[in-house]
Amino acid sequence: MGLQAPLLVAAALFSIGVGGFVARRNVFSLLMCIELMLNAVNLVFVTFSRQWLAPEGHVTVLLVVALAAAEAAVALAIVIMLFRHRETLDVDVFASMKE
Amino acid sequence: MMFSLPVWMLLLPFLAAAVVMVLPRAWARTFSSLAMAGLVLLAAWILKDFRMTAELQQTVSWPMLPLFGQALRLGVDGLSLLLLVAGASLGLVAVLVAGKDRPPAFHAWLLLFVGTMTGVLLVQDLLLFYVFWELMLLPALFLILLWGDADRRRATMPFVAVTLVGSLAMLATVLAIGADVRLRAGAVTFDLDVLPMVLESWSPTAKTWAFAGLVLAFAVKIPLFPLHFWLPAAYTSAPLPAVILLSGLMAKLGTYGMLRIAMPLFPEQAAAWAPWLAGLAIAGILHGAVLALGARDVRTVLACSSFSHLGWVALGIFSLTAEGWTGALLQQVGHAITTAALFILAAYASERQGATKLATFGGMATTYPWLAVALVFAAMASAGLPGLNGFVGEFLILLGAWGLSPWAAAVGGLGVVFGAAYLLWLLQRMLYGAVPPASPRGADLSPRELVIVMPLLVMMLVFGIRPALVLDRIKPWADAKAGLFHATSSHAAEMAGNL
Amino acid sequence: MSHVHLLGWILFAPLAAAVLNAIVALRSARLPREANGHSLRPRDQLSAMVGVGGPLASALAAWALGFDFLSRDRALRLVELDLGPWFSFGQAHVEWLFRVDALSLVMVLVVTTVGTLIHLYSIGYMAGDTGFPRFFTWLNLFTFAMLVLVTARDLVVLFLGWEGVGVCSYLLIGYWFTDAAKAAAGLKAFVVNRVGDLGLLLGMFLLYWSMAPGGQASLDLDLLLAHVSKLSVPLATAAAVLLFVGAMGKSAQVPLHIWLPDAMAGPTPVSALIHAATMVTAGVYLVARLHPLYHHAPAALAFIGGLGALTALLAATVACTQTNIKRVIAWSTVSQLGYMFMALGAGAFSVGIYHLVTHAFFKALFFLSAGAVIHALHGEENLERMGGLWSRLRLTGPAFLVAAAANAGLPPLSGFVSKDAILVATWHAHHPVWFGVGLLTAGMTAFYSFRLVALVMGGTARDPELANGAHEAGWTMGLPLVVLAVGALGAGALEWPHELGGTLWFSQWLEPIFYPSLDHGVHGSPWIDLALTAVSVAVVALGAAIGWGLHAGPGAGTESPWPRLQGLWLTMRRGWHVDESLDLVAVKPVVFSSKAAAPFLEVLLSACSRLLLGGVTVAGRGVAALQSGLARHYAMAMLVGLVGLVAWAVLAGGQ
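Below you will find a few notes about this structure.

## Considerations on the overall build of chain B
Then, number 1: Across its full length, chain B carries 20 helices and 2 strands.
Then, number 2: Projecting the C-alpha coordinates of chain B onto the three principal axes gives extents of approximately 75 × 65 × 40 Å.
Then, number 3: Across the 499 residues of chain B, 62% fall into the buried class.

## Side note on the overall build of chain A
Then, number 1: Counting its secondary structure elements, chain A contains 3 helices and 0 strands.
Then, number 2: Moving toward the C terminus, one meets the helices and strands of chain A in the order α-α-α.
Then, number 3: What you see for chain A is a C-alpha radius of gyration of 16 Å, clearly larger than the 13 Å of a compact globule of 99 residues, by over 25%.
Then, number 4: Its C-alpha atoms give chain A principal-axis dimensions of roughly 50 × 25 × 20 Å.
Then, number 5: Of all 99 residues assigned to chain A, the portion counted as buried reaches 15%.
Then, number 6: If you take every contact in chain A between residues at least 6 apart in sequence, the share linking residues at least 24 apart comes to 48%.

## What to know about the interface of chain B and chain C
Then, number 1: Tallying the contact residues gives 53 residues for chain B and 49 residues for chain C.
Then, number 2: For the side of chain B that touches chain C, the leading source of residues is helix 17 (residues 406-431) of chain B, giving 11 residues.
Then, number 3: Its residues assigned to classes, the side of chain B that touches chain C shows 40 nonpolar, 11 polar and 2 charged.

## Some words on the nonpolar core
Then, number 1: One finds L345 of chain B together with A364 and L365 of chain C to be the most contacted residues of the largest nonpolar core, which totals 451 residues.
Then, number 2: With 20 residues, the top contributor of residues to this core is helix 6 (residues 180-211) of chain C.
Then, number 3: If sequence neighbours within four positions are ignored, A364 of chain C has contacts with V114, I118, A272, A276, A277 and L484 of chain C.
Then, number 4: Listed in part, the 11 residues of the second largest apolar core include A10, V18, L36 and V44 of chain A.

## Brief notes about the packing of helix 3 (residues 102-126) of chain C against helix 4 (residues 132-151) of chain C
Between two packed helices, what matters for the description is the angle formed by their axes and the separation of those axes.
All names here are of chain C.
Then, number 1: Contact pair helix 3 / helix 4: the axes reach a minimum separation of 10 Å and the direction vectors enclose 175 degrees. Of the possible angle classes, the one that applies to helix 3 and helix 4 is roughly antiparallel. From helix 3, S104, M107, V108, V111, G115, H119, S122 and M126 reach across to helix 4, where they touch F132, F135, L139, T143, M146, L147, V150 and T151.
Then, number 2: Considering only residue class, the contact of helix 3 with helix 4 consists of 10 nonpolar, 6 polar and no charged.

## Here we look at the environment of V437 of chain C
Residue and element names in this part refer to chain C.
Then, number 1: Summarising the element assignment, V437 is placed in helix 18 (residues 432-456).
Then, number 2: For the pair formed by V437 and L260, sequence separation is 177 residues and the distance between their alpha carbons is 22 Å.
Then, number 3: Not counting residues up to four positions away in its chain, the partners in contact with V437 are A309, A312 and L313.

## Digging into the arrangement of the chains
Then, number 1: With 2 pairs of chains in contact overall, the contact-richest pair is chains B and C.
Then, number 2: With no contact formed, the shortest span from any C-alpha in chain A to any C-alpha in chain B equals 9 Å.

## A short note on the environment of L452 of chain C
Residue and element names in this part refer to chain C.
Then, number 1: Relative to the elements of secondary structure, L452 occurs in helix 18.
Then, number 2: Since 29 C-beta atoms lie within 10 Å of it, L452 is described here as buried.
Then, number 3: For the pair L452 and C320, spaced 132 residues apart in sequence, the C-alpha to C-alpha distance is 8.8 Å.
Then, number 4: Apart from residues no more than four positions distant in its own chain, L452 is found in contact with I325, V328 and A404.

## Quick notes on helix 24 (residues 578-624) of chain C
All names here are of chain C.
Then, number 1: The end-to-end C-alpha distance of helix 24 is 65 Å, a good match for the 69 Å that 47 residues give at a rise of 1.5 Å each.
Then, number 2: S593 marks the point of greatest bend in helix 24, at about 50 degrees.
Then, number 3: Residues of helix 24 that are buried include every one of V590, S594 and A598, and no others.

## Points about the packing of helix 5 (residues 155-173) of chain C against helix 6 of chain C
Residue and element names in this part refer to chain C.
Then, number 1: Packing of helix 5 against helix 6 leaves a shortest axis separation of 8 Å and a crossing angle of 170 degrees. Our classification of the angle between helix 5 and helix 6 gives roughly antiparallel. Here helix 5 contributes L155, F159, W162, E163, G166, S169, Y170, L171 and I173 to the contact with helix 6, which in turn contributes K182, A185, G186, A189, F190, N193, D197, L200 and M204.
Then, number 2: Broken down by class, the residue content of the contact of helix 5 with helix 6 amounts to 11 nonpolar, 4 polar and 3 charged.

Here is what the cut-offs are and how they apply
- Residues numbered from 1 in each chain as written.
- Chains lettered and ligands numbered in written order.
- Predicted model: local features only at pLDDT ≥ 70, side-chain atom pairs only at ≥ 80, totals over all residues.
- Helix = DSSP H or I, 4+ residues; strand = E, 2+ residues; numbered from the N terminus.
- Buried ≥ 20, exposed ≤ 12 C-beta atoms within 10 Å, placed from the backbone.
- Rg over C-alpha atoms; globule rule 2.2 N^0.38 Å.
- Contact = placed C-beta atoms within 7 Å.
- Nonpolar A, V, L, I, M, F, W, Y, C, P; charged D, E, K, R; others polar.
- Core = buried A, V, L, I, M, F, W, Y, C linked by C-beta atoms within 7 Å.
- Axes fitted to C-alpha atoms, helices over the stretch in contact; angles between N-to-C directions.
- Parallel < 35°, antiparallel > 145°, perpendicular 65-115°, else oblique.
- Expected span 1.5 Å × (residues − 1).
- Bend = angle between axes of the 7 residues up to and from the residue.

And the structure:
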């Protein structure tokens, strides 16, 4: 299998992720978009790892998957807490980072 | 191999810090003193197994991702051994003098402080050295910022600012070295054994800049004149346990970095700069002493005294003689003990007096004879009285400085006079004269206070009479490594011969 | 008992006593402090017994060793005690090595004998003082440090004793620390001594590095002194002068003499032991010990002798004018130390040491009898309130007179013999100026000694109420006076001049030590020596007569007997303003910089750092404007950046 197909898929996934991240306002959607981007990157890693027969790519992907899982858990917890406090999931409402 | 002594030493404080956070407040001090005692035991074990040679011992090598270097290497040699032991012991002392009501977070930060400094001492890799070096700032900062006295905000800003400037300079050097090694060797390594060979081929200009970056970072921590301005305020407003670690250990990591990193990596630059840096060290000795003479707060006197004493250590190092290096390393250990004792005793005195301003003190020798005896004893050790722990170090440093230039010894030696002056003047104001009518009456040293102070005082005497206990472990290293700069010292001997 | 054991006793009996007394002192420090007249509490009795017992054991061992030495061949008069290594550096090893030879033995005998007597005297003098055990702790510790100083075989160990006596001196001068001025006098003594100590250190460094090229660097006295002949003369001179700076501090030579008069703030036994008999002579011992070095550096010797002559003269003039009984004797001590250095400068090392010995006896006697006077007058030290005490103090009076006469150098007392020997030595060493100065000083010494006797003992009481209450103290204070008086009277027999039919026992004793540097031809024609002696005796007699005559009559006081010289008199009384001048030149600038200059520098540096910090803060505010707090904006920014970076990479990589 050539490089082209996986890379195209990865590019598509990444673009969807980026687009969604910029366009959507719901926090859940944003999280899903982040996952999409991460997996796009993972796909690139695996592709090149296989292409060049270098194991580091696989190692990195495993690392990223583990981290993404952890991150998702933490992020979901935060989202739940946010909803309890503010009763909304609209990111434009949360501007407290400015302070 | 995997879990040998250095690894345990490295992990213990961090694990203990994590545990202490979830403990109830009432247990925090007990637990963290146990953890520190464990650290002292580990250090003592390393000390026991130490062979009196110049080589690196207790080495541990852990393979790492090639991206960050070949391996994580830990080890102990004559340079780091006694700082490691002193650091662990001071950690224990710091926890013991911490108040009963300190929250778990305070103890966690103390443990992290000791842990990061232990890391700095153990790693044999430039990148990891930098990482621990930077991490070390956080506990120091938070200990002052969260538990310091009323002036703490004003005190921490210059400290943080100038430290970060120094750190950035070091980061630049580290990155430059990393990039270059990768370019030349094709692989990334920051191993301190390998780097000198790679750096040999650098152009003198590049070496000078890189050396300057390292020197800046270390000079801030020592501190070297005129980068010391953060010190009096920071030491004065830090809580007692933190100041023991700041002055007892962190300051020495600056000189440690000079000897471990800056000078071995760039020996020619070090040799060329040494006379100038020695001049700054002398300026520091005298300026610190003069500041201590004029200071009006007992903590400020001791802070400036610490600055002045670190000037001694730096002078010994930049003398580039085996005598000076031996003396500097000895002085580091000696000063760690003395400064801890002095800060603790001053805190005890201030507690009883209800103030730290010297104008309110007086006549304490009448009301608190034991405290007075301990304070005089510690002050004499600090003034370098032969037979106590300060003397041999000072003697060898000045001897080495004469090897650099007789003038260095003569002008730096004025510190001997000034040192006696400010210490005795401190005693004069605290202990002697009539008891001010308004001063509160309290009890003399309690058993708990005695138990904390006595070991320090005993060590002053033991190391004064038998400095070989320390010296035998230092001297082989200093003799071997100062050989790098031997050309300079034989030149000095020639100069003395021509005088 | 073997000799090594004897040396062990000599050294460590006082240390053991100090440790025991320290325990007593620490245990009693927390007890309530009530003054109880002049009686000894039980703990004071214990500490008195220990405090005198230690030096006494040491003295007995020293005498035993001395008699044993006498029976031995000259070459075998040596004992060494090796207690292992102290530390090593470079190529050198410093050992805890103590040695007694003929010279050290003289010093040890003086320190332990005079020391024991003064310890005994202190029991009576300090009785009832709240810090009694503390006093004996420091005094015992001092004795130990002084013994270390005179028996050390390594310069670094010697330095330990050197600094040790300095600390004990500091603690004892400031013994009555509730009086801040007294504690400050101790501080001054220590700091001024430190200036000298720095010189000593630098001298040691110079010697060490000068030996380094030969691969034999060491500070062991034997190795050093064997090496000095190989030094170039300028180098030897530099080392000799630097080491002498140390001696100047300890032995109160101009201009580092300023601490000694102030040191009189300490209790009088301390003045007698430390600031007259032993510690202040350490500098003389040091130079004598290093005589091969000084012999190799004639310029340094000339410097020492010249400075000694200057000190002798200057201090004598000051002593003539003082109003405080102890200060007269203190300045007299400075002056006599100058004499000793004059002798050393003339190359007459054994004569210098001999004057050290006789001076230890008569000056300790002087101080102790003055102390008895002060004690009898309940602490009064002002000469204006004394007088007419001769008939009331039947023991102290004669003792005081003997001390004054010996100090003045009246024949046949010990002071006469040693001072005469110095004057003769300077004459034969072709230093007529020193001889003249010495002669003048001898006259003045006689003047102030008898002025003091007249003001204290003679005439009528200026303060009858005080004088009527005067009484002799107990046997502990009386016995030392008697023994020391016998010494001051009789010690002259040890070195009774040839021309007066005597034998130079003392010089013969030290001959094996100083042999290489003793010029046997110095004593030329006995008639010249006799003539010199006659002149000096005449001058001394004249001075004594004037001193007595002007002050024994009614109405005599401490003011200048010659009204026209009042201005000069006051200048002399203030010590020629040396103290004030040094204060202006050396102390004031440091104090100024500690109060103003250094803190100003701090403010300046701080301001620079704050400026830097301010710049960063302003820049930070600007950047902070970009911060909307909305995650979406941040994401956009990231996207733009990413696209930009990728575009740059692609475009740049394409080239």
